[in-house]
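The primary structure of each chain is shown beneath.
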Amino acid sequence: MGTDTGTEVTQPEKTRAQNQYEVWRNAMELLKSYFRRTVDILNESTVAGNIYFKDFGNLEFEKYWSLSLGESAKRTWFFRVDFRRGDRSARYLFFFGYGTSVLRQQGCNVTLHAAREEPENSYNYERLDNIAAPNIPSLVEIGYKDPAEQFVSRGRSGHPSSGRIERFANKFFEDIVDKHFGG
């Protein structure tokens, strides 16, 4: 298998990459399941209005491989969370990309990036890193660190933080409710 850079990949390297991909994919599925479950719990409480979860499927190995090499890949949407309260709404999209330098230093080459629909109801998504509005959640990127078996996030401050996905997801939802919908 060759890459766009013209370098040949040996079968052992490809096998190792496929094994890493399987571990990473399972971790990302856990992350998505936790976000989906949090949406269900919040909808039961009605504190945040109505929240909708849209699943776009998994990232295939070939796209994972390209992103791990720092190359681009198309159609990498993972899931979207839509918030609605009264006449206000906010759509947040999570998609895969190559890790920023901060998360690459943590061993996360393929990461999940957060974007918000800007402007509202346009279906045009802008990375949270690129939005200067005050009502942006702090979570902007999430990676999975193997073999440490932990998630690493990067907030708007740019600093990485390791921990359980529950912490990152709960903070994300709290930020949305507080910053975008005023509690």
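Notes on the structure in this doc start here.

What counts and what doesn't
Numbering of residues starts from 1 in each chain and follows the order in which that chain's sequence is written. In keeping with the model being predicted, local features are shown solely for residues with a pLDDT of at least 70 and side-chain atom pairs are shown and tallied solely at 80 or more, while totals for entire chains, interfaces and linings include all residues. Just so you know, side-chain values use all the structure's heavy atoms and leave hydrogens and water out. Here a cavity means grid points, on a 1 Å grid over the protein atoms only, where a 1.4 Å probe fits yet cannot get out; a pocket means an open set of points with protein on both sides within 12 Å along at least five of seven lines; lining residues are those with an atom within 4 Å of a point. Grid points are joined across faces, edges and corners, and a volume is the space filled by probe spheres set on the points. Numbered from the N terminus, helices here are DSSP runs of H or I no shorter than four residues, and strands are runs of E no shorter than two. Gly is placed with the polar residues, together with every amino acid not listed as nonpolar (Ala, Val, Leu, Ile, Met, Phe, Trp, Tyr, Cys and Pro) or charged (Asp, Glu, Lys and Arg). The buried label applies to any residue whose accessible area, calculated with a 1.4 Å probe on protein chains only, is under 20% of its type's maximum; exposed applies above 50%, and partly exposed to all values in between. Here, two residues are considered to be in contact whenever any of their heavy atoms come within 4.5 Å of each other. We call a set of buried residues a nonpolar core when its members are Ala, Val, Leu, Ile, Met, Phe, Trp, Tyr or Cys and they connect through side-chain atoms within 4.5 Å of each other. Working rule for helices: expected span equals 1.5 Å times residues minus one.

1. Section: the layout of surface pockets
Taken as a whole, the largest pocket spans an internal volume of roughly 360 Å³. The set of elements that each furnish at least two residues to the lining of the largest pocket consists of α1 (11–45), α2 (61–68) and β6 (139–145). The biggest single contributor to the lining of the largest pocket is α1, with five residues. Considering only residue class, the lining of the largest pocket consists of nine nonpolar, four polar and four charged.

2. Points about the environment of arginine 75
The topology assignment puts arginine 75 in the loop between α2 and β2 (77–85). Taking relative accessible area as the criterion, arginine 75 reaches 74% and is therefore assigned exposed.

3. Focus on the side chain of threonine 38
Mapped onto the secondary structure, threonine 38 falls in helix α1. In this view, threonine 38 contacts Asn170 and Phe173; residues no more than four positions away in its chain are not counted.

4. Brief notes about the environment of serine 161
By secondary structure assignment, the location of serine 161 is in strand β8 (residues 160–163). For serine 161, a relative accessible area of 24% translates into the label partly exposed. Between the C-alpha atoms of serine 161 and glutamine 106, which are 55 residues apart in sequence, the distance is 9.7 Å. With near-sequence residues (within four places) excluded, serine 161 lies in contact with Phe151, Val152, Ser153, Arg167 and Phe168.

5. Concerning the nonpolar core
With 43 residues, the main nonpolar core has Trp24, Leu31, Phe35, Phe83, Phe151 and Phe172 as its most contacted residues. Within the residue set of this core, elements represented by two or more residues are α1, α2, β2, β3 (88–98), β4 (110–117), β6 and α4 (165–181). At 10 residues, α1 tops the list of elements feeding residues into this core. Those residues within four positions of phenylalanine 172 in sequence are excluded, and the remaining contacts are Phe35, Phe83, Tyr92, Phe94, Pro137 and Leu139.

6. Structural notes on α4
The end-to-end C-alpha distance of α4, which contains 17 residues, comes to 23 Å, matching closely the 24 Å that a straight helix rising 1.5 Å per residue would cover. Within the sequence span of α4, burial applies to Ile165, Phe168, Ala169, Phe172, Phe173, Asp175, Ile176, Val177, His180 and Phe181.

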